[in-house]
Amino acid sequence: MISHLLTGLTNLASLPTILLMLFGMVIGMLVGMLPGLGVVLVLTLILPFVYHMSVLQTISIMLATQAGAYFAASITAILLNTPGAPESFPTTLDGFPMAKRGQAGKALAISATSTWMGGWIACIIFIGLIQLAGPLATIFHPPEYMAIIILAIVLIAQTGNIPLSKVFISGLLGLMLSFVGSDPVTGVERFTMGLPTLYSGIGVVPFALGVFAITQMVKMYGSRKAVAAVDLSQLGDDFSTQVRQGIAETFRRWYHVARSAIIATLLGLVPGIGGFTSNFISYGVGQKTSKRGAQFGTGVPEGLMSAEGSSLSKEVGSLIPAVALGLPSGLGMVIFIAALTILGLEPGPTLLKGSPTLPYSMMWVMAIAGLLSCVLGLILAPRLARITGIKGPFMFPFIIALATLGSFADANTTMGIYLLVIFGILGVVVRDLGYSVAAAAIGLVLGGTFDDNVHLTDSLYGIHFITKSPLADVFFLIAIYLIISAGRRWRKNKKEIARQEVKHPLMEWVFDLVMAVFSIVYVIVGLGYPAQAGEIPVVVGALAAVASLYRLVFDLPYWLKNRAQEPEEGPAVGESDAVPAEPTLEPGTEGEELSTVAVMTRMEHDEEPRSRKDRRQQNIRETIAILWFFGVAAGALVLGFEIGIPLVTFIYAMVNKDIPSVRKRLVFAISATVVTWALAFAFTQLFHLTFHGMI
Amino acid sequence: MINLGRRNAMSKSRLKASALGVAVASAGMLLAACGSSSSSSTASNSNSGSSSTTAATASAAAYFKGKTITLIAPDNPGGDFDLYARIIAPALGKYLGATVNVENVNGGGTIVGTNQMAASAPNGLTISVVNTGGDIASLIEKQPGQSFNLQKLSWIGQAGTSPSVFVTSPNSGVTKFSQLLSIKTPIKVVDVRNGTGDMFNRVVLGAFNIPHTFVTGFTSVSALKQGFLAGDGQYAFENMPPFLSMLDGGQARALLVTSQPTLPKLVKAAGSAVTLQQALSSTTLSSAQSAAIKEAEALSVLDYDFAGPPGIPAAQLSVLRTAFQKALADPSTIAQANKESEPLGFVSGSSVASQVDSAISAGSAIATYVNG
């Protein structure tokens, strides 16, 4: 085995192979950083070139692209609360609050170091397990898949102090949206309203960009603030120092990374689990086992380590079933297997026997590209972190342009832009209502897989699956335990949670009403579909209707009573948690962090809207931001990306009085126009995303 | 860090200025939403009314130059339909003077991708690989999901057909198809609902009276392979190429092939499996049973057909058909197909259209089994 391991490495030592690896890594990092341009899109674009490459060149470029993308996807998650890839969603939970505290450099360093460290741990596991992959494929059956999806949803739903009913509604909404489009088993079009552009369903990219990027930009435009709620110049540590601290802290708390890496690698071994589930479960387990688990989601380094430790490791793990059995764990591996097939190889036992060094070459590509991308990330981190100091109105046009392009790129259809608009508005409206975006996201992503496995379980065992699948039963018991303990915790903190909810009682009630009506209509429509295509959506819709009606009927008097206690002036109850405070540090943590916290807390206190007048003004600015967002989307749809987006950007910059000097405004307008045009050009030309507008 | 300048309260005039600018653009968005269906018809209208005259064909040929064509593969990358699409796409693009991008739309067997193709604008710029025989079987099964009319699709031609294989897990203890004919306990078969494999499953197992239960709900052949390896079912019926690695690696054993393969890798993988014809001749079946099997065989030949949505103008369709035929004869296409063990065999678009008409209008001998 040692000789195969070494030969696998030395086989890569040719200039074209190394250059393709570097090229793949850089391309991967670029697309990882750009929300909407997923690694799958790039791998698909690489696929036609595979015909002209050798096997080693192919694995170098394809796997390096994947390795580069996953750390890079966390960059925007940390800096802009916008995951570059859906898998990086857990990174936003602690990474972004750290950036808000002015700790973006440290967060990026933790992310890069954890990604690399986790990836290398996974490589060690890979060496041990690659020859044992066969039996692993028989462990997971449909009941286990169904159970692990439920466990993933339960784990992530516990992030933050959100009432169970709201988590429930959020998750069910995500599931309901996931059923829109063609039923993957029967092909029946569900909830598409006859629109062919909805046949492929609602992508997680427009959803994530809408509820994260758009919501964040509207908020930042409204407040005129930057991501960092602190004045970066007042921080004691510059970003370079933060990067060093981040690296040191990750090494000091390596066990958080190791735990996540082991979990993610093992989950990666299971074909079909997918990176999204692996990341959420790794983060959820980290939350349950860490001393500061209760503070996960508020910007604790351990949370970020738990999220990022699985980032690359799950990809290394998923290489094992892909190579040894020809079974992919996610779409990235599906395309990789396709590339090997194009080259005349047969991923599976034949490949393991016929080319025993090839799997190790694959592992080395992942290890080397993962290391290099993280080193590059660490070098760039101090500069990247400065993005968090840019004020909202200046960042606005670039992020809106990226979100619009990314939503289109998701399925190469204008429906992505319409969905972005819908989810952007939804995100802004429900932003302060206390619903769980995490639960909705995981519902949206895993709904299809859940639906498939419920049907398969039914087909295999019917209700008797309970007695047939001990492993599934274990997962179910853990999920039940977690729900019960969450219920206890919620009852214990009921008053505190209730206080956080009273900000917008009327809006909440209206939202519940809309959800109830939507769910009922959804059920009625679902009843019209053939049983196999309609029964799961109907059940989910009915549960959502019941949960919404519950909140509507029983909670209304309670919330109205609390509303009466809201003060006339000053911040509304619960509003002071807009920027989470640094959680209590574990013993032994450096004292210098406390100065950062002190600065942050002071700045936060200074910059929150103090009066109703300020809040009203912020609301007006947010409304204008939404209109500008509509403008960019409309410009793109009517005039095409390369004209519409730069044109609206130019108008935006020229009429933006946030820059008092006309000359500076013109400079900004020209710069922003050129940059957004370049982005649009790159999307349309490089990625074949042709759309020239409706006129 | 960029200095934002003054942070005073926003004046009414500023509000108006900003609001005016965006209101104009927002109105445009509404306009865009209303007019979303108009763009596609322009291209086809510009070439509509063309006949089979040389001038019209030349005009249609010019129409494709520099265009981007979306070729939908109705399965995942690496699936059979995807591989055919990717083998042919470069040469098809070369002969059309266009860029042909392969887009994977997986689900419902292959129905989701075909639905999407059929709903696209009939301008020749969106085409797909179609599992015609499987779709006809689904139609006979009255399976929900098909939102297209096979007889109205614009058929471009057939790229080839590959034999299907009935496989079993090595630990099933079954080494020959004939053993199944006397089996009493129902065998468990993994099955992708819709498609050729599903049709063969139902017709062959039904006609040969082999007791069986289906484990259905797999969304793709890849998912089916996973279920097969995990032991969710010990039997499967699918096209041969996706099962090559499992057959070569000893994870699956071929019991029956629908026709004798010709490509060396497929011949090797088939091993000592009997052909459907051999099984038929060595077993006494009723005329209805034999007719059903022969009909299933005939339908399975309608495979890997290329088609566009209904209503592609005749001249454009003619250009697509000619380019498709040239693409299949291109040496690079043949070499790549051999490399991937995907058999090629050209059938013209008009012939495919006739075969589809005949298959659908003919009486259905397989109905007894597929509807069961």
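Nothing here was measured: the structure is a model prediction, and the numbers come from that model. (Residues numbered from 1 in each chain as written. Chains lettered and ligands numbered in written order. Predicted model: local features only at pLDDT ≥ 70, side-chain atom pairs only at ≥ 80, totals over all residues. Heavy atoms only, no water.)

Mind showing me how you'd approach empty space enclosed by the protein here?
To find the voids left in a structure, one rolls a probe of water-molecule size over its atoms. Applying the stated criterion across every chain, the model contains six cavities of 30 Å³ or more. Taken together, 43 residues line the largest cavity, and the ones lying closest to its centre are Gly78, Gly79, Asp80, Val221 and Pro242 of chain B. Of all the secondary-structure elements, those providing two or more residues to the lining of the largest cavity are α16 (331-342) of chain A together with α4 (80-96), α8 (196-207), α9 (221-230), β8 (235-239) and α10 (240-248) of chain B. In terms of residue count, α10 of chain B provides more of the lining of the largest cavity than any other element does, four residues in total. Of the residues in the lining of the largest cavity, the class split is 13 nonpolar, 20 polar and ten charged. Looking at which domains feed residues into the lining of the largest cavity, each of domain 1 (52-161 + 302-370) and domain 2 (164-299) of chain B gives three or more. (1 Å grid on protein atoms, 1.4 Å probe; cavity = no way out; pocket = protein on both sides within 12 Å on 5 of 7 lines; lining within 4 Å. Points joined across faces, edges and corners; volume = space filled by probe spheres on them. Helix = DSSP H or I, 4+ residues; strand = E, 2+ residues; numbered from the N terminus. Nonpolar A, V, L, I, M, F, W, Y, C, P; charged D, E, K, R; others polar. Domains from an automatic or database assignment.)

Looking at this structure, I do not really get the side chain of His141 of chain A. What am I missing?
Looking at the secondary structure, you find His141 of chain A in the loop between α7 (133-136) and α8 (142-157). Note on His141 of chain A: relative accessible area 15%, which makes it buried. Within the local environment of His141 of chain A, its side chain forms a polar contact with the backbone oxygen of Ala230 of chain B, the two atoms lying 3.5 Å apart. Non-local contacts of His141 of chain A, meaning those with residues more than four positions away in its chain, are made with Ala230 and Asp232 of chain B. (Buried < 20%, exposed > 50% of the residue type's maximum accessible area, 1.4 Å probe, protein only. Polar contact = N/O pair within 3.5 Å; in protein donor to acceptor, adjacent residues only side chain to side chain. Contact = heavy atoms within 4.5 Å.)

Where do I start with the pairing of β8 of chain B in this structure?
The two faces of the sheet receive side chains in turn, since in a regular strand these alternate between them. Residues and elements named next belong to chain B. Taken across its five residues, β8 has five buried, putting it largely inside the fold. Summarising the sheet, strand β5 (residues 164-168) and β8 pair through five bridges and their orientation is antiparallel. Residue pairing in the sheet places Thr168 in a bridge with Tyr235 of β8. Pairing between strand β6 (residues 187-191) and β8: two bridges, direction parallel. The residue bridging Val190 from the neighbouring strand is Ala236, located in β8. (Pairing = 2+ DSSP bridges.)

Help me understand the interface of chain B and chain A in this model?
Each side of the interface is counted separately: chain B has 64 residues, and chain A has 73 residues. When the two sides are added together, the surface that chain B and chain A hide from each other amounts to roughly 6,100 Å², 63% of it contributed by carbon and sulfur. Viewed at the interface, chain A and chain B are joined by zero salt bridges. The interface formed by chain B and chain A holds nine residue pairs in polar contact (both at pLDDT 80 or more) in total. Of all the elements in the fold, those that place two or more residues in the side of chain B that touches chain A are α1 (12-34), α4, α5 (111-118), β7 (212-216), α9, α10 and α15 (331-339) of chain B. Top element by residues in the side of chain B that touches chain A is α1 of chain B. It accounts for eleven residues. (Buried area = accessible area lost by both parts, 1.4 Å probe. Salt bridge = Lys/Arg side-chain N within 4 Å of Asp/Glu carboxyl O.)

It is not clear to me how the sheet that holds β6 of chain B should be interpreted in this structure. Could you clarify?
Consider a sheet: its strands pair through backbone hydrogen bonds, and that pairing is either parallel or antiparallel. Residues and elements named next belong to chain B. Judged by pairing direction, the sheet is mixed, and its six strands sit side by side in the order β7-β6-β8-β5-β9-β10 without closing on themselves. A strand with exactly one partner marks an edge of an open sheet, and here the two such strands are β7 and β10 (274-275). As judged from the two bridges shared by strand β9 (residues 253-257) and β10, these two strands associate in the parallel manner. Residue Leu256 lies in a different strand from β10, and its bridge partner there is Val274. Contacting β5, β6, β7 and β8, α8 crosses the sheet at an angle of about 160° to β6. (Axes fitted to C-alpha atoms, helices over the stretch in contact; angles between N-to-C directions.)

What should I look at first to understand the pattern of salt bridges in this one?
Pairs can form between side chains of opposite charge once their charged atoms are near each other. Residues and elements named next belong to chain A. In the structure shown here, the tally under the stated rule is 16 salt bridges over all chains. With a closest N to O distance of 3.0 Å, Glu302 and Arg292 form a salt bridge. Here Arg292 lies in the loop between α13 (274-289) and α14 (301-308) and Glu302 lies in helix α14, a separation of ten residues in the sequence. A single burial state applies to Glu302 and to Arg292, both of which are buried. Put simply, Lys106, Glu249, Arg253, Arg292 and Glu302 are held in one network by salt bridges that share partners.

Sorry, what's going on with the packing of helix α6 (residues 104-129) of chain A against helix α15 (residues 313-325) of chain A here?
Packed helices, taken two at a time, are described by the angle their axes make and the gap between the axes. All names here are of chain A. Following both chains from N to C, one finds α6 and α15 inclined at 15°, their axes separated by 8 Å at the closest point. Considering the angle they form, α6 stands roughly parallel to α15. Where α6 crosses over α15, the two elements pack in a sense that is right-handed. Contacts between α6 and α15 pair Gly118, Gly119, Ala122, Cys123, Phe126 and Leu129 from the former with Ser313, Val316, Leu319 and Ile320 from the latter. Partitioning the contact of α6 with α15 into residue classes produces seven nonpolar, three polar and no charged. (Parallel < 35°, antiparallel > 145°, perpendicular 65-115°, else oblique. Left-handed = near helix turned anticlockwise from the far one by under 90°.)

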